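Architecture and fold: a report
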Amino acid sequence: MKYNDISHFSHPQHRLKPGYTEVPFKCDGCKEVGIGSNYKCTTCNYDLHVHCALPSPSITHPFYTKCSFQFLSRPPGPIARYCNACEKAVSGFVYHCKLCGFDLHPCCAKLPTMLDDGEVELYLYIKVGSACHRCGRKGRSWSYRSKCKKYNLHVACVKEMLVESWHEIYFGRGGVSGDYHDLCGKNGKLETRIPSLKGTLESYHHNHHHHQSKGKVKKCCEMAGLAMQFVISAVLGDPTTLIAGVVGSLMSR
């Protein structure tokens, strides 16, 4: 699909150009992290996820069949609101169901129900009974689980990992939001690391599959790591094989 320059209500002073970046950015619409395809004002360093730049006025979701979600530029009402998909705070653009009071970040609302890279098929569930590879707990937020049911990752846990690794992106420095410095660490180096689950996965498999050989545990960890790449790319708003590969290259070892 070819994207053209657009005018956007959130940044009326300049048109936004479609772009692509392998460097994580903070979306100035929903205030969440993104990577890959985006819309950008290079003059102001203003970035939007594609889902935030081209929102639908209203959507439905298969997990909430009785809900009609309306796109809002800010959370409704004076109280703090949280995304029903990832449990994280809603600070900007949001899809809100007035009837039920449910909220979804734009990228969470558009999470693919299935991710497939040819080796691992991952399906999105509102809740699963198996433990998450990251936190070891059941339930909690929406989850991606593999078809073979061996790999499970909470959407909330993936976001927590990103917050841990990209703290500056989420909270900025000195209140500055969405500029180059939001992507920089204390030494001024561009922060592009994505946390690895290597240790967590090995510990999980040793604790839950201690009867397996080291070779099988290693293979399980590799497959789970591959699954995580695709889940992270989906959470960041660009669930493509290309971006999953970029995510893999950025994952700290």
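Structure shown above.
Residues numbered from 1 in each chain as written. Predicted model: local features only at pLDDT ≥ 70, side-chain atom pairs only at ≥ 80, totals over all residues. Heavy atoms only, no water.

So, on to the sheet that holds strand 5 (residues 64–72). An order of 4-5-6-7 is seen for the 4 strands of this open sheet, with the pairing classed as antiparallel. A strand with exactly one partner marks an edge of an open sheet, and here the two such strands are strand 4 (58–61) and strand 7 (103–104). (Pairing = 2+ DSSP bridges. Helix = DSSP H or I, 4+ residues; strand = E, 2+ residues; numbered from the N terminus.)

Side chains Ile59 and His61 of strand 4 all project onto a buried face; the interleaved residues Ser58 and Thr60 project onto a face where none is buried. The pairing of strand 4 with strand 5 spans 3 bridges and is classified as antiparallel. Residue pairing in the sheet places Ser58 in a bridge with Gln70 of strand 5. (Buried < 20%, exposed > 50% of the residue type's maximum accessible area, 1.4 Å probe, protein only.)

The alternating pattern of strand 3 (residues 46–49) places Tyr46 and Leu48 on one face and Asp47 and His49 on the opposite face, and all of these are buried. Of the pairings in the sheet, the one linking strand 2 (residues 33–41) to strand 3 comprises 4 bridges and is antiparallel in character. From the neighbouring strand, Cys41 faces strand 3, where its bridge partner is Tyr46. Counted along the chain from strand 2 to the antiparallel partner strand 3, the turn is 4 residues long, and its residue Asn45 has a positive phi close to 55 degrees.

So, on to the packing of aromatic side chains. Overall, the coordinates contain 8 aromatic pairs when judged by the stated rule. On the basis of an interplanar angle of 90 degrees and a centroid distance of 4.8 Å, the ring pair of Phe63 and Trp142 is categorised as edge-to-face. Pair noted here: Phe63 is in the loop between strand 4 and strand 5 and Trp142 is in the loop between strand 9 (121–125) and strand 10 (143–146), with a separation of 79 residues, a long-range link. Residue Phe63 is classed as partly exposed on the basis of its relative accessible area of 23%. Feature note: the residues Phe63, Tyr64, Phe69, Phe102 and Trp142 constitute an aromatic cluster, connected by ring pairs. In this structure, Arg145 packs its charged tip against the face of Tyr125, placed 4.6 Å from the ring centre. (Phe/Tyr/Trp six-rings, centres within 6.5 Å; stacked < 30°, edge-to-face > 60°. Lys NZ or Arg CZ within 6 Å of the ring centre and 35° of its normal.)

None of the figures reported here should be taken as evidence of function without further support.
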